[in-house]
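Listed below, chain by chain, are the residues.
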Amino acid sequence: MSIKAFVWGENVHEQQSELVRSIYPEGMHTTIANAIAAEGDISVRTAVLQDPEHGLTEQALAETDVLVWWGHKAHRQVSDEIVERVAKRVWEGMGLILLHSAHFSKIFKRLMGTPCALKWREAGERERVWVVNPGHPIARGLPQYFELEQEEMYGEPFSVPEPLETVFISWFQGGEVFRSGLTYRRGAGNIFYFRPGHEAYPTYHDATVGKVLRNAVRWAHPAAPAFTAIHNAPNVPVDQAPEPIVERGPKLHAPGEAGFR
């Protein structure tokens, strides 16, 4: 059975900028989806900000193994209710891959709990992406480094939590460096942040970037069914304790009563 990926795109720049439209005439989300689906073992569908519920319905997310997110200009237009819906699925085990400007997306900041801020410069600089964790599944089949001839610069410090793993570090012509491939786990869900992908450059047409995306989807794919019990907080009655105990002292809740949230 193929991995079920879901590419979500903001789809704003493509509508407003002739430059972006000339690079991604079918939308960035379509180019990203095509790159992910290129080897046949990953089925991909897409949705955009303008769809009802942003395309991120309960059913759509329930049928998704890995959600891939690109956003930039319209982060604030994403509904808080939808953000909580996505976070819930990540905690249950759905993988999440965040691309480029998605570092400022509501969902990334929600899951990281930090500002996720950085330095930046839009000057079409060469980016050299170093593979600093060559044994990681996301780096499988990659060279020691790869280059993107034109990209937006992101520079440290990057105000995110310390990652589980750093897979890539980027160097830019202006001298800055950036941790450009970071993994996290939130609840049962695997998360990967991948830096390249400014809309003014043809980054998602690059073959090596496509390989990274496919590797990342395979890595983030959940290994078990959705862990829906992660949300449960049961009040365990005394007579159901694993070892016999005698109830002592006062309490605020009746046996089995739900607690405060």
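These lines cover the structure that appears in this document, whether it is placed above or below. None of the values given here were measured: they were computed from a predicted structure.

Thoughts on the nonpolar core
Judged by nonpolar contacts, the single largest core of 37 residues is most densely connected at Leu56, Leu67, Trp69, Val86, Leu98 and Ile107. Broken down by element, this core gets its largest block of residues, five residues, from helix H5 (residues 80-92). Among residues more than four places away in sequence, those in contact with Ile107 are Trp69, Val83, Val86, Ala87, Leu96 and Leu98. With 35 residues, the next largest nonpolar core counts Ala5, Tyr24, Val68 and Trp219 among its residues.

Overview of unusual backbone geometry
Geometrically, the link from Glu156 to Pro157 is a cis peptide bond, its omega value of 5° lying close to zero. Position of Pro157 relative to the elements: it lies in the loop between strand S6 (145-155) and strand S7 (165-172). With a phi close to 50°, His100 is a non-glycine residue in the positive phi region. In this structure, His100 sits in the loop between strand S4 (95-99) and helix H6 (106-112). For His100, a relative accessible area of 0% puts it in the buried group.

Describing the sheet that holds S6
Read from one edge of the open sheet, nine strands run S2-S1-S3-S4-S9-S8-S7-S5-S6, paired in mixed fashion. Each edge of the open sheet carries a strand with a single partner, namely strand S2 (42-48) and S6. Here the strands of the sheet are splayed against their neighbours by 25° on average, with no regard to which way each runs. Both strand S3 (residues 66-70) and S4 contribute to a ladder of five bridges, which runs parallel. By the bridge assignment for S4, Trp70 is matched with Leu99. Strands S3, S4, strand S8 (177-186) and strand S9 (189-194) of the sheet are contacted by H5, whose axis makes an angle of about 115° with S9.

Observations concerning the environment of Leu213
Structurally, the position occupied by Leu213 is in helix H7 (residues 207-220). Every residue in contact with Leu213, bar those within four places of it in the chain, is listed here: Ile32, Ile36, Leu99, Phe194 and Tyr204.

So, the pattern of salt bridges
A full pass over the atoms with the stated rule returns 21 salt bridges. Glu63 serves as the salt-bridge partner of Arg45, at 3.4 Å between the closest nitrogen and oxygen. Here Arg45, found in strand S2, pairs with Glu63, found in the loop between helix H4 (58-62) and S3; they are 18 residues apart in sequence, far enough to count as distant. For Arg45, a relative accessible area of 34% gives the class partly exposed.

How each quantity is defined
- Residues numbered from 1 in each chain as written.
- Predicted model: local features only at pLDDT ≥ 70, side-chain atom pairs only at ≥ 80, totals over all residues.
- Heavy atoms only, no water.
- Core = buried A, V, L, I, M, F, W, Y, C linked by side-chain atoms within 4.5 Å.
- Buried < 20%, exposed > 50% of the residue type's maximum accessible area, 1.4 Å probe, protein only.
- Helix = DSSP H or I, 4+ residues; strand = E, 2+ residues; numbered from the N terminus.
- Contact = heavy atoms within 4.5 Å.
- Pairing = 2+ DSSP bridges.
- Axes fitted to C-alpha atoms, helices over the stretch in contact; angles between N-to-C directions.
- Salt bridge = Lys/Arg side-chain N within 4 Å of Asp/Glu carboxyl O.

Any link to function would need more than the numbers given here.
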